[in-house]
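An overview of the molecular structure
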Amino acid sequence: MSTTVIFFLGVIIALVGVIPPGLLNMTAAKISLKEGHNRGFVFSIGVCLIVFLQTYIAAMFARYLSNHPNTVEILRGVAFVIFVLLSIYFLFLSKSNPKPDIEPHAKSKKSRFFQGLFLSAINVFPIPYQAYMTITIAGFGWFAFDAMSIVTYCSGATTGTFIMLYVYIFFFDKISNKKLTSQKNMNYIIGAITAIVALITLINILMDHLK
């Protein structure tokens, strides 16, 4: 698989993971609104440095798992059940709750950078998410665990994360009052995303059994 395709796979997968409002993108938006776009960019750079490291760790973990196919099969089954349950929850059971107001405290550009590093470091979701997704795309033959492919994929994931933070920084104030960003509709978006991932997981499991 070409490095260009691997790069854009990293971009797309990271974009999907960062679309729902969360601590990182909402903090970037709040900083931008209160202190200007430049401070939001500095925060985002700190976030993305950690995302690159997290994605690299995830790829290394996925490479280890790829050498133990029995373990991967069990993890895929568990992941399928989890994503189905998440889809049911967000699409049918979750209720709208007010979004937490994230009030930034740090003021300098340097402190914004380290704030991005810190908040991204405590957000460990990208590691299992990226580990699972790299195993999945490797199962389709779209990704290989060589050094060039891993670095390319990590670069794509970092770029995808920055793009979504950029969208939040520049457009959050314009869309925050729209129906699209209501908690109810965001639950539907998250539910749709988890349903798509569950479907991809099921296809991957079936393909393995048909080999």
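Chains are numbered independently. Their residues run from 1 in the order of the written sequence. Only residues with pLDDT of at least 70 are given local features in this predicted model, and only at 80 or more are side-chain atom pairs given and counted; all residues enter the totals for whole chains, interfaces and linings. Each side-chain value is worked out from all heavy atoms of the structure, with water and hydrogens disregarded.

Next up on the list: the packing of helix H2 (residues 23-35) against helix H3 (residues 37-66). Contact pair H2 / H3: the axes reach a minimum separation of 7 Å and the direction vectors enclose 155°. Judged on the interaxial angle alone, H3 and H2 are roughly antiparallel. Considering the relative orientation of H2 and H3, their crossing is right-handed. Between H2 and H3, the contacting residues are Leu24, Thr27, Ala28, Ile31, Ser32 and Glu35 on the first element and His37, Arg39, Gly40, Phe43, Ser44 and Val47 on the second. Any residue outside Ala, Val, Leu, Ile, Met, Phe, Trp, Tyr, Cys, Pro, Asp, Glu, Lys and Arg is labelled polar, Gly included; the first ten of those are nonpolar and the last four are charged. Its residues placed into classes, the contact of H2 with H3 shows five nonpolar, five polar and two charged. For every element, the axis is a line fit to its C-alpha atoms; helices are fit only across the contacting stretch, and the angle between N-to-C directions ranges from 0 to 180 degrees. Here a strand is any run of E in DSSP of at least two residues, a helix any run of H or I of at least four, and the numbering for each starts at the N terminus. Any angle between 65 and 115 degrees counts as roughly perpendicular, while under 35 counts as roughly parallel, over 145 as roughly antiparallel, and the rest as oblique. Handedness of a crossing is defined here by the sense of rotation of the near helix relative to the far one, left-handed for an anticlockwise turn of less than a right angle and right-handed for a clockwise turn. By the convention used here, residues are in contact when the closest approach between their heavy atoms is within 4.5 Å.

A pair is scored as a salt bridge if a Lys or Arg side-chain nitrogen falls within 4 Å of a carboxyl oxygen belonging to Asp or Glu. Using the criterion set out here, one finds two salt bridges in the structure. As a salt-bridge pair, Arg39 and Glu35 come within 3.2 Å of each other at their nearest N and O atoms. With a closest N to O distance of 2.2 Å, Arg112 and Glu35 form a salt bridge. Of this pair, Arg112 sits in helix H5 (residues 109-122) while Glu35 is found in helix H2, placing the two residues 77 residues apart along the sequence. A single network of salt bridges, built from pairs that share partners, joins Glu35, Arg39 and Arg112.

Take the nonpolar core next. The nonpolar core is taken to be a set of buried Ala, Val, Leu, Ile, Met, Phe, Trp, Tyr and Cys residues, with the residues joined through side-chain atoms within 4.5 Å. Any residue under 20% of the maximum accessible area for its type is buried, any over 50% is exposed, and the rest in between are partly exposed; the area is computed with a 1.4 Å probe on protein chains only. By size, the foremost hydrophobic cluster in this structure holds 21 residues, and its most contacted members are Met133, Phe143 and Tyr153. At the level of secondary structure, the elements contributing two or more residues to this core comprise helix H1 (3-18), H3, helix H4 (69-93), helix H6 (126-139), helix H7 (147-175) and helix H8 (183-210). Sequence-distant contacts of Tyr153, that is, excluding residues within four places in its chain, are made with Ile6, Leu9, Gly10, Ile13, Thr55, Gln130, Met133, Thr134, Ile137 and Phe143.

With 80% of its residues at a pLDDT of 70 or more, the protein has an overall mean of 80. Think of pLDDT as the predictor's per-residue confidence, scored from 0 to 100. Overall, residues 97-104 carries pLDDT values under 50, and its contacts beyond four positions in sequence, including any with other chains, amount to 15 contacts.

Residues three or four positions apart in an α-helix share a direction because the helix packs 3.6 residues into each turn. A helix is expected to reach a length of 1.5 Å times the quantity of its residues less one. For H2, which comprises 13 residues, the first-to-last C-alpha distance of 17 Å matches the rise-based estimate of 18 Å (1.5 Å per residue) to within 8%. Leu24, Asn25, Met26, Thr27, Ala28, Ala29, Lys30, Ile31 and Ser32 are the residues of H2 that are buried. The first or second residue beyond H2 is Gly36, which carries a positive phi of 105°.

Two aromatic rings from Phe, Tyr or Trp, using only the six-membered ring of Trp, form a pair when their centres are within 6.5 Å; if the ring planes differ by under 30 degrees the pair is stacked, by over 60 it is edge-to-face, and anything between is tilted. Within this structure, the stated rule accounts for nine aromatic pairs. With a centroid separation of 5.5 Å and 90° between ring planes, the pair formed by Phe7 and Phe8 is classed as edge-to-face. Residue classification places Phe7 among the partly exposed positions, given a relative accessible area of 26%. On the accessibility criterion, Phe8 (47% relative accessible area) is partly exposed. Their ring planes at 40° and their centres at 4.6 Å tell us that Tyr166 and Phe170 sit as a pair that is tilted. Note that Tyr166 and Phe170 are positioned in helix H7 at a spacing of four residues, about one turn of the helix.

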